[in-house]
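Coordinates in review
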There are 2 protein chains.
Amino acid sequence: MNIALLGFGTVGKAFYELTLGRSDLRVTSVLSRRPRPELPCTVTNDFDEIVRDRSVGIVVEVMGGLEPAYRYICAAMRAGKHVVTANKQLVCAHYDELLELAKECGVSLRCTAAAGGGIPWLTSLSRAARLDEITAVGGILNGTTNYMLSAMTASGVDYTTCLREAQALGYAEADPTADVEGYDARRKLVLSANLAFGASVREEEIPCFGISSVEEKDFAAWRELGRVCKLFVRAERHEGRVSAFVCPTLFPAASPVAQTNGTGNLVTLRGARFGELSFSGAGAGGYPTGSSVLSDCVDVIEGCPSFYVSRHEAKHIDNSAAAGRFYLRMGSEAVCTGPITVAEAFARAERARSCGEPVFLARIEEE
Amino acid sequence: MNIALLGFGTVGKAFYELTLGRSDLRVTSVLSRRPRPELPCTVTNDFDEIVRDRSVGIVVEVMGGLEPAYRYICAAMRAGKHVVTANKQLVCAHYDELLELAKECGVSLRCTAAAGGGIPWLTSLSRAARLDEITAVGGILNGTTNYMLSAMTASGVDYTTCLREAQALGYAEADPTADVEGYDARRKLVLSANLAFGASVREEEIPCFGISSVEEKDFAAWRELGRVCKLFVRAERHEGRVSAFVCPTLFPAASPVAQTNGTGNLVTLRGARFGELSFSGAGAGGYPTGSSVLSDCVDVIEGCPSFYVSRHEAKHIDNSAAAGRFYLRMGSEAVCTGPITVAEAFARAERARSCGEPVFLARIEEE
């Protein structure tokens, strides 16, 4: 099957390389603003040319951003082409419309590379959801913050220096907001919860605390508690209600989650009857993420359904029953709370922040 | 699709329950020596009746053992029925013939429940092998020995007492030989290596050291080294050669493998370009294993190919390049060797054993 590739950055290039020598699929055109004489295929800056090309069966979108990516993939589906994308922002923002459009157009839409990098997470999750009721999903789904937290835990370097190092290594973007504030992880949580629960939840309803206000004294306090901090996402379904939040979380130092270092991701699902399954691997990087894109393309060739799940029932987030103990630092004073709800913990942090105090919030995982 | 279920033990019962309420498949007959008036479906002790029943699309075999299971699943395939089995012993012993027969008969043969219990390991492995060259597989694939080693590490209980406890809890069989000597893990390694490398390797060519000669003093020595012992399987492909062995292995105490306790399994594959992916979950138990059987049935309904891989090139095991350091206890004397080949380590252990000395061998995992 012929593929048109939109975007030729790290993931696009790696995906292109991974397709070389395959007999089942090949990249026949690349959308690129600048000429790429090194490529033997068609290189164009005109998306309409790609849409009109009847020989293209799959459009792979790895450009990122909302526009023009949204316009492109809608046009591709309307032209009867399957779409494989790594764009979590786009799929989260237009979840319901995209699923409906794929169904309407009789094409497949896949976005495995959008969550977990090289881990076949969304595929495994949707396969598990065919077998049992999925009651919870959770994990480390952002490589940037995991790299930074691992480095700060290991070396005691401060946040600003660590961010600069991560940027120099290509692990953090020039504008790191989406990663360090937890928005990237939250989008991956939205996709995970939607597939796990047959739901459609809204990104902005999910409380989200990032790592940008973390300080060296926090790490010192956690070391004394025998804990390691990870930016963790979690969603649960209980009696029809969906709880979900993104929050730094303190794990026992010897636990597998605490041992997930660098840009590694680790993610877990729980089936009501079959129990927990965990998946870990590279959460970022060209070849791992490119492999997930390739996996989607192979699934498309093998005739996968229009989307991972057929249901997308609108669900509001309800964190009133989700509870836990929290580490809450306001100014230079840190406390470990007793059991409180997630809603209460986020409200306390928000109140302190609105008073102008520097605040850090972390959930304490039960052992 | 209608299913005939051969065997109604722990896995068979759980699988049956998991199918209740599904619209895509249902168990319409159960092969059982004794009457089961509680079941609303056909219960028969005559397999020929099942083979002749044209309404049966899938035969699920969870009886275990070589015969009559082998005869049954061959007859089922010849009658045009798909086969899903959890029987690693059977699939290992007749690997080439079964693959050929499935292809010849135009049916699917699946055995995901045969390795890793509830972990979708063989499926994930074969999916990964579509994307990249798989260069290594390895992991904890036996729940019984992992339960026993975890218990002995935690409580200092001796081997015989621990085995008796495991038997009382249903984690070890009355005849524990296949588990404690590593044969069960070796069969799972055969299936893993075959799928990963498109190979067909022979069980009896893979060196295998079990845990039945472990003593309390070994645990004391490992504790001093900051290590935890796991029965680990490993296979690698390098320049066309396949190395494979089953051996107790000492991991750093804080590593994710060392933290895999009880009947949990953890298994890892390495792609030449996309890197490592790990999977962990329940390695045994009715619902987890039954879920893997169910997953295979759903894949069959969705039209999966005749087997996970199409190639099964005969490969001899060559451990001449596989090397490492080893913990070798002969009698009451333990030594940690320098780097030696796996072949040499097993030969040393064998020599000592043939002199009548109690011997324990463990590979020391590099940090």
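The sections below set out a description of the structure shown in this document. Because the structure is predicted, anything quoted here is derived from the model rather than measured.

Moving on, we come to the relation of the copies chain B and chain A. Overlay of chain B on chain A (RMSD 0.0 Å): rotation 180°, translation along the axis 0.0 Å. Read as a symmetry element, the transformation amounts to a two-fold axis. Both copies share a contact surface, since 100% of the interface residues of chain B are interface residues in chain A too.

Residue and element names in this part refer to chain A. All told, the structure shown has 23 aromatic pairs over all chains when counted by the stated rule. Both rings, one in phenylalanine 232 and one in phenylalanine 251, keep their centres 4.9 Å apart while their planes meet at 55°; by these two values the pair is tilted. On the criterion of sequence distance, the pair formed by phenylalanine 232 in strand S9 (residues 227-238) and phenylalanine 251 in strand S10 (residues 241-252) is long-range, its members being 19 residues apart. The pair formed by phenylalanine 232 and phenylalanine 251 is uniform in burial state, with each residue classed as buried. Through a chain of ring-to-ring contacts, three or more aromatic side chains come together here, namely Phe209, Phe219, Trp222, Tyr327 and Phe360. Positioned above the aromatic ring of tyrosine 308, the side-chain terminus of arginine 110 is 4.3 Å from the ring centre.

With that settled, the discussion passes to the sheet that holds strand S4 (residues 56-61) of chain A. All names here are of chain A. Read across the sheet, 6 strands follow the order S3-S2-S1-S4-S5-S6 without closing on themselves; strand pairing throughout is parallel. Looking at the sheet topology across the chains shown, the edges are occupied by strand S3 (42-44) and strand S6 (109-110). Direction of pairing for strand S2 (residues 26-31) relative to S3: parallel, over a ladder of 3 bridges. The partner of serine 29 across the bridge, within S3, is threonine 42.

All right, on to the sheet that holds strand S2 (residues 26-31) of chain B then. Residues and elements named next belong to chain B. Strand order in this open sheet of 6 strands is S3-S2-S1-S4-S5-S6, and the pairing throughout is parallel. Of all the strands in the sheet, just strand S3 (42-44) and strand S6 (109-110) have a single pairing partner and so form its edges. Here strand S1 (residues 2-6) pairs with S2 via 5 bridges, running parallel. Paired with alanine 4 across the two strands is serine 29, which belongs to S2. Packed on one face of the sheet, helix H12 (residues 286-301) meets S1, strand S4 (56-61), strand S5 (82-85) and S6 and runs near 160° to S5.

What follows deals with the pairing of strand S15 (residues 333-336) of chain B. Note on strand geometry: in a regular strand, side chains alternate between the two faces of the sheet. All names here are of chain B. Strand direction decides the pairing type here: strand S14 (residues 323-330) and S15, joined by 4 bridges, are antiparallel. Across the sheet, methionine 330 pairs through a bridge with glutamate 333, a residue of S15. The antiparallel pairing of S14 with S15 creates a hairpin that spans 2 residues between the two strands, and glycine 331 there sits at a positive phi of about 65°.

Right, let's get into the packing of helix H6 (residues 121-129) of chain B against helix H10 (residues 183-197) of chain B. Residues and elements named next belong to chain B. At a minimum axis distance of 8 Å, the contact between H6 and H10 shows a crossing angle of 20°. It follows that H6 is roughly parallel to H10 by the angle criterion. Here the hand of the crossing between H6 and H10 comes out right-handed. On H10, the residues touching Trp121, Leu122, Leu125, Ser126 and Ala129 of H6 are Leu191, Ser192, Leu195 and Ala196. Across the contact of H6 with H10, the residue classes break down as 7 nonpolar, 2 polar and no charged.

Moving on to the pattern of salt bridges. The full count for this structure, using the stated rule, is 44 salt bridges over all chains. Across the pair A:Glu236 and A:Arg270 runs a salt bridge whose closest N-O atoms are separated by 3.7 Å. Of this pair, A:Glu236 sits in strand S9 while A:Arg270 sits in strand S11 (residues 264-271), placing them 34 residues apart in sequence. Using a relative accessible area of 27% as the deciding quantity, one classes A:Glu236 as partly exposed. For the salt bridge of B:Glu215 with B:Lys217, the shortest nitrogen-to-oxygen distance reads 2.5 Å. A relative accessible area of 27% means that B:Glu215 is categorised as partly exposed. Overlapping salt bridges bring together A:Arg127, A:Arg130, B:Asp299 and B:Glu302 as one network.

Let us now look at the interface of chain B and chain A. The interface of chain B with chain A comprises 30 residues on the first partner and 30 residues on the second. Across the interface of chain B and chain A, roughly 2,700 Å² is buried in total on both sides, 52% from carbon and sulfur atoms. When the buried area of chain B at its contact with chain A is split by residue, B:Arg130, B:Leu131 and B:Arg273 rank highest and sum to 24% of it. Seen at the junction of chain B and chain A, the total is 6 salt bridges. If you look at where chain B meets chain A, you find 16 residue pairs in polar contact (both at pLDDT 80 or more). Elements that contribute at least two residues to the side of chain B that touches chain A include exactly helix H1 (10-19), H6, strand S12 (275-282) and H12 of chain B. Residue classes in the side of chain B that touches chain A are distributed as 14 nonpolar, 8 polar and 8 charged.

Definitions and cut-offs
Residues numbered from 1 in each chain as written. Chains lettered and ligands numbered in written order. Predicted model: local features only at pLDDT ≥ 70, side-chain atom pairs only at ≥ 80, totals over all residues. Heavy atoms only, no water. Least-squares fit on C-alpha atoms with pLDDT ≥ 70 in both. Contact = heavy atoms within 4.5 Å. Phe/Tyr/Trp six-rings, centres within 6.5 Å; stacked < 30°, edge-to-face > 60°. Helix = DSSP H or I, 4+ residues; strand = E, 2+ residues; numbered from the N terminus. Buried < 20%, exposed > 50% of the residue type's maximum accessible area, 1.4 Å probe, protein only. Lys NZ or Arg CZ within 6 Å of the ring centre and 35° of its normal. Pairing = 2+ DSSP bridges. Axes fitted to C-alpha atoms, helices over the stretch in contact; angles between N-to-C directions. Parallel < 35°, antiparallel > 145°, perpendicular 65-115°, else oblique. Left-handed = near helix turned anticlockwise from the far one by under 90°. Nonpolar A, V, L, I, M, F, W, Y, C, P; charged D, E, K, R; others polar. Salt bridge = Lys/Arg side-chain N within 4 Å of Asp/Glu carboxyl O. Buried area = accessible area lost by both parts, 1.4 Å probe. Polar contact = N/O pair within 3.5 Å; in protein donor to acceptor, adjacent residues only side chain to side chain.

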